[in-house]
Amino acid sequence: MNKKTQEALDIMEKRVSIIEENLQSEEILKDIKLLKELNKEKANLEDIVIKYQVYKKLFNDISDAKSLLETEKDEEMRDFVKSQLEESQSKIEEIEGEIELLLLPKDPNDDKNVIFEIRGAAGGDEANIFAGDLFRLYLKFAEKNNWKVEILDQSESTAGGFSQISFMVKGDKVYSKMKFESGSHRVQRVPKTESKGRIQTSTATVAVLAEISEVEVEIKPSDLRIDTYRSSGAGGQHVNTTDSAVRITHIPTGIVAASQDGRSQHDNKDKAMTMLRARIYEAKLEEQQSEAASVRKTAVGTGARSEKIRTYNYAQNRITDHRINLTLNKLDQVMEGNLEEIITELINNEQKNIIAQQIEV
């Protein structure tokens, strides 16, 4: 480990010690806002500081073992010390690698909840049915991670599934895992609507947006147009007898968000505002990050069959993530919410890219 990295880790270790002392102060315990900030800062530093403390112990163990070998004459004891030294050296290399990963720049949104937007795209009814399958996949994955799912808005398809569905996923570091799901998902299978047994290719698009607070995106009430209407289900079926559904338009940008699945007009307004903030935030990113072109367009795509991040081939029980050239012959398991293997590979790929960029700089 180089000196610069060690100095940075020493500062982090000292900072955690200071925070722990501050958290014992009665004055700080009374300041809820400051208390939350300190606990959040401690949580962000704790993992790496613990690893660093393990590294320092191993470093001392190695130093002690080397010193002992210089003076120890007994061969049996020397063999024992050598084996301990080899074990410590192997462990310290592993810890150094883990520390390097923890020191990589983090996406500022990684700790946030997310808003999913899934839409049936190319393929008509089958695309909508597949959109429903993707929703159930993410619902099962959320359950495995003890995350909560809340429907924000949906338009059911008469053939099954959804022409579009928006939902919130709340939990620990949801965005850090789910951000990789943005893009066009392609399915190859015999549709329920196909009478001749022919395989059809259809797509559904997924957008994953970080939940944005009112502090991060300030919206003036005067910039909003709020419309209310009656909720409706698939095929225009009557769902609600009051104008509880809400559509909010941000006049300066033309961005629209709607919700009809809340328990009341007030609930739907809150949900629509949550979606609106996320969409406005993303629109601002598009302006700020010109090198990333259109963030939302990149995330969602047009739904064309060629713009795919992943293919789900039911006939061969195969799923392929085209970004990392990963193919698994267990689509049935993945559709039951077992996405972890794919997501782990995507995270590893992202980390490799960050390391490569740092080397280039």
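Quick look at the structure, then. Source: prediction; values computed, not measured.

Looking now at the overall build of the protein. Across its full length, the protein holds 10 helices and 11 strands. For the protein, buried positions account for 41% of its 361 residues. Excluding contacts between residues fewer than 6 apart, the proportion of contacts in the protein whose partners are at least 24 apart in sequence is 61%. When the accessible area of the protein is evaluated, it comes to approximately 20,600 Å², of which 47% is carbon and sulfur surface.

Another point: the pattern of salt bridges. Counting across every chain of the model gives 22 salt bridges. Across the salt bridge formed by E41 and R15, the nearest N and O atoms sit 2.8 Å from each other. A residue pair is termed long-range when its members are at least 10 positions apart, and E41 in helix α3 (residues 32–71) and R15 in helix α1 (residues 3–22) qualify at 26 residues. In this structure R15 comes out as partly exposed when scored by relative accessible area, which is 27%. Here D110 ties to K179 by a salt bridge, and the two come within 2.9 Å at their closest N and O atoms. Remark: K179 occurs in the loop between α6 (174–178) and β4 (183–189) and D110 occurs in the loop between α4 (75–102) and β1 (114–120); sequence separation between them is 69 residues. A single burial state applies to D110 and to K179, both of which are buried.

Secondary-structure assignment places F180 in the loop between α6 and β4. Judged by its relative accessible area of 10%, F180 falls in the buried class. When the C-alpha positions of F180 and I347 are compared, they lie 8.5 Å apart, and in sequence the two are 167 residues distant. Apart from residues no more than four positions distant in its own chain, F180 is found in contact with I309, R323, L346, I347 and E350.

Between its first and last C-alpha atoms α1 spans 29 Å; for 20 residues at 1.5 Å apiece the expected length is 28 Å, and the two agree. Within α1 the residues assigned to the buried category are L9, E13, V16 and I19. Down the axis, α1 shows its buried residues gathered within 120° of arc, on one side only. Residues of α1 that are exposed and angled more than 90 degrees away from the buried face: K3, K4, I11, K14 and E21. On its buried side, α1 packs onto α3 and α4.

With the rule as written, the count across this model stands at 8 aromatic pairs. On the numbers, 5.0 Å between centres and 0° between planes, the contact of F116 with F167 is stacked. Taken as a pair, F116 in strand β1 and F167 in strand β3 (residues 162–170) lie far apart in primary sequence, 51 residues in all. Take F116 and F167: they sit in the same class, and that class is buried.

Close contact between α1 and α3 brings their axes to 9 Å; oriented N to C, the two are set at 130°. Judged on the interaxial angle alone, α3 and α1 are oblique. In this structure, α1 meets α3 at a crossing whose hand is left-handed. Counted together, Q6, L9, D10, M12, E13, R15, V16, I19, E20 and N22 of α1 and L38, E41, K42, L45, E46, I48, V49, Y52, Q53 and K56 of α3 form the full contact between these two elements. Grouping the constituent residues of the contact of α1 with α3 by class yields 9 nonpolar, 3 polar and 8 charged.

For the rest of this paragraph, the subject is the pairing of strand β8 (residues 255–259). Regular strands show a simple pattern: their side chains alternate between the two faces of the sheet. The buried fraction of β8 is high, at 4 of 5 residues. Bridge count for strand β7 (residues 245–250) against β8 is 5 bridges, and the pairing is antiparallel. The residue of β8 that forms the bridge with I248 is A257. In sequence, β7 turns back onto β8 through a hairpin of 4 residues, with G254 there showing a positive phi of about 80°.

Rules used in this analysis
Each chain has its residues counted from 1, running along the sequence as written. Selection of residues for local features in this predicted model requires a pLDDT of at least 70, selection of side-chain atom pairs for listing and counting requires 80 or more, and totals for whole chains, interfaces and linings are taken over all residues. Excluding hydrogens and water, the side-chain figures rest on all heavy atoms present in the structure. Secondary structure elements are taken from DSSP: a helix is a run of H or I of four residues or more, a strand is a run of E of two residues or more, and numbering for both begins at the N terminus. Three exposure classes are used, based on accessible area relative to the maximum for each residue type with a 1.4 Å probe and protein chains only: buried under 20%, partly exposed in between, and exposed over 50%. The contact criterion used throughout is that any non-hydrogen atoms of two residues lie within 4.5 Å. With residues, only the protein chains shown are counted as cover, and all accessible areas are computed by Shrake-Rupley using a 1.4 Å probe. When a carboxyl oxygen of Asp or Glu is within 4 Å of a side-chain nitrogen of Lys or Arg, the pair counts as a salt bridge. Each residue after the first adds 1.5 Å to the expected span of a helix. Throughout, the arc means that of the directions going from the helix axis to the C-beta atoms. Ring pairs are drawn from Phe, Tyr and Trp, using the six-membered ring of Trp, whenever the two centres fall within 6.5 Å, and their geometry is named by plane angle: stacked under 30 degrees, edge-to-face over 60, tilted for the rest. Orientation is described by axes fitted as lines to C-alpha atoms, over the contacting stretch for helices, and by angles from 0 to 180 degrees between their N-to-C directions. Angle categories: roughly parallel below 35 degrees, roughly antiparallel above 145, roughly perpendicular from 65 to 115, and oblique for all the rest. We call a crossing left-handed when the near helix sits turned anticlockwise from the far one by less than a right angle, and right-handed when that turn is clockwise. Residue type decides the class: Asp, Glu, Lys and Arg count as charged, Ala, Val, Leu, Ile, Met, Phe, Trp, Tyr, Cys and Pro as nonpolar, and the leftover types, Gly among them, as polar. A pair of strands counts as paired when DSSP detects no fewer than two bridges linking them.

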